[in-house]
Amino acid sequence: PGRLLARFSTRQLQFLCPDCGSQEDVDCETFNNYFLESYPATCSHCRWMGQCQPFKAVDLSCPRCAKTWPAVHVDVAGKSWLEFLSASFFCETCRMKVKAVPCQTMRFWCGDLKCRSEQAILCDPWTEEGAAPVRCGHCPWAGVAQLKRA
């Protein structure tokens, strides 16, 4: 039961190493759906160890003008992971405050050996890399493919 609970209460986030500037992944457990102020982390490049303040990278798109901002870093300290399912921000192009659904772009390759086209799909911000059911947009193939961050 503990491993099952961890699957639902742990989220993969990123942090920037204060020593070398590398962007690293860190698994962060939530408590009552909220993130802590900081988490222990280690940099795989320079071996720095310490407390980090992770962020979630999300893609934002204005629903009015369709301008997109990829990989916007949103600090998670003290926030609920549920807060990342909607966002309000000021669009410079439209000159107004808009509401949008944060997402992330994931890539996969068609499983049909004749097609093998690389494709991108928009997923919710908490979709993780790995196997997922998808449908090719270029041929009739549908099946399970490996999703990767774009």
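Here's what I pulled together on the structure shown here. (Residues numbered from 1 in each chain as written. Predicted model: local features only at pLDDT ≥ 70, side-chain atom pairs only at ≥ 80, totals over all residues. Heavy atoms only, no water.)

Some remarks on the overall build of the protein
Secondary structure assignment for the protein yields one helix and 12 strands. Counting from the amino terminus, helix and strand elements in the protein follow one another as α-β-β-β-β-β-β-β-β-β-β-β-β. Principal-axis analysis of the C-alpha atoms gives the protein an extent of 50 × 45 × 35 Å. Scored against the burial criterion, the 150 residues of the protein give a buried share of 35%. Residue pairs in contact within the protein that sit at least 24 positions apart in sequence constitute 41% of those at least 6 positions apart. Averaging the positions of the 17 positive and the 15 negative side-chain charges in the protein gives two centres separated by 8 Å. (Helix = DSSP H or I, 4+ residues; strand = E, 2+ residues; numbered from the N terminus. Buried < 20%, exposed > 50% of the residue type's maximum accessible area, 1.4 Å probe, protein only. Contact = heavy atoms within 4.5 Å. Lys, Arg positive; Asp, Glu negative; His and termini not counted. Charge placed at Lys NZ, Arg CZ, Asp CG, Glu CD.)

Brief notes about the layout of surface pockets
Size it by volume and the largest pocket reaches roughly 210 Å³. Together, Gln14, Gln23, Lys56, Ala57, Val58, Asp59, Ala71, Gln104, Thr105, Arg149 and Ala150 line the largest pocket. When residues of the lining of the largest pocket are assigned to their parent elements, the largest contribution, four residues, is made by strand β5 (residues 55-61). Of the residues in the lining of the largest pocket, the class split is four nonpolar, four polar and three charged. (1 Å grid on protein atoms, 1.4 Å probe; cavity = no way out; pocket = protein on both sides within 12 Å on 5 of 7 lines; lining within 4 Å. Points joined across faces, edges and corners; volume = space filled by probe spheres on them. Nonpolar A, V, L, I, M, F, W, Y, C, P; charged D, E, K, R; others polar.)

Points about the pattern of salt bridges
Side chains that differ in charge, positive against negative, can pair when their charged atoms come close. Applying the stated criterion across every chain, the model contains three salt bridges. We note a salt bridge from Glu92 to Arg95, for which the minimum N-O separation is 3.2 Å. Exposure remark for Glu92: the relative accessible area of 53% places this residue in the exposed category. In this structure, Arg107 and Glu118 form a salt bridge, with 3.8 Å as the shortest nitrogen-oxygen distance. Here the residue Arg107 occupies a position in strand β9 (residues 104-109), and Glu118 occupies one in strand β10 (residues 118-123), the gap between them amounting to 11 residues. Residue Arg107 is classed as partly exposed on the basis of its relative accessible area of 32%. (Salt bridge = Lys/Arg side-chain N within 4 Å of Asp/Glu carboxyl O.)

As for the sheet that holds β9
Across a sheet, strands are paired by hydrogen bonds formed along the backbone, either parallel or antiparallel in direction. With antiparallel pairing, the four strands of this open sheet are ordered in space as β10-β9-β12-β11. At either end of the open sheet lies a strand with only one pairing partner, and these are β10 and β11 (130-135). Pairs of neighbouring strands in the sheet enclose a mean axial angle of 45°, with direction left out of account. Where β11 lies against strand β12 (residues 142-149), six bridges are found, and the strand directions are antiparallel. In the strand pairing of β12, Ala132 is matched with Ala145. (Pairing = 2+ DSSP bridges. Axes fitted to C-alpha atoms, helices over the stretch in contact; angles between N-to-C directions.)

Looking at unusual backbone geometry
Look at Ala66: it is not a glycine, yet its phi comes out positive at around 70°. Relative to the assigned elements, Ala66 resides in the loop between β5 and β6 (68-75). Relative accessible area serves as the criterion here: at 54%, Ala66 is assigned to the exposed category. One non-glycine residue with positive phi stands out, namely Arg116, at about 50°. Assignment of secondary structure puts Arg116 in the loop between β9 and β10. You can call Arg116 partly exposed: its relative accessible area is 43%.

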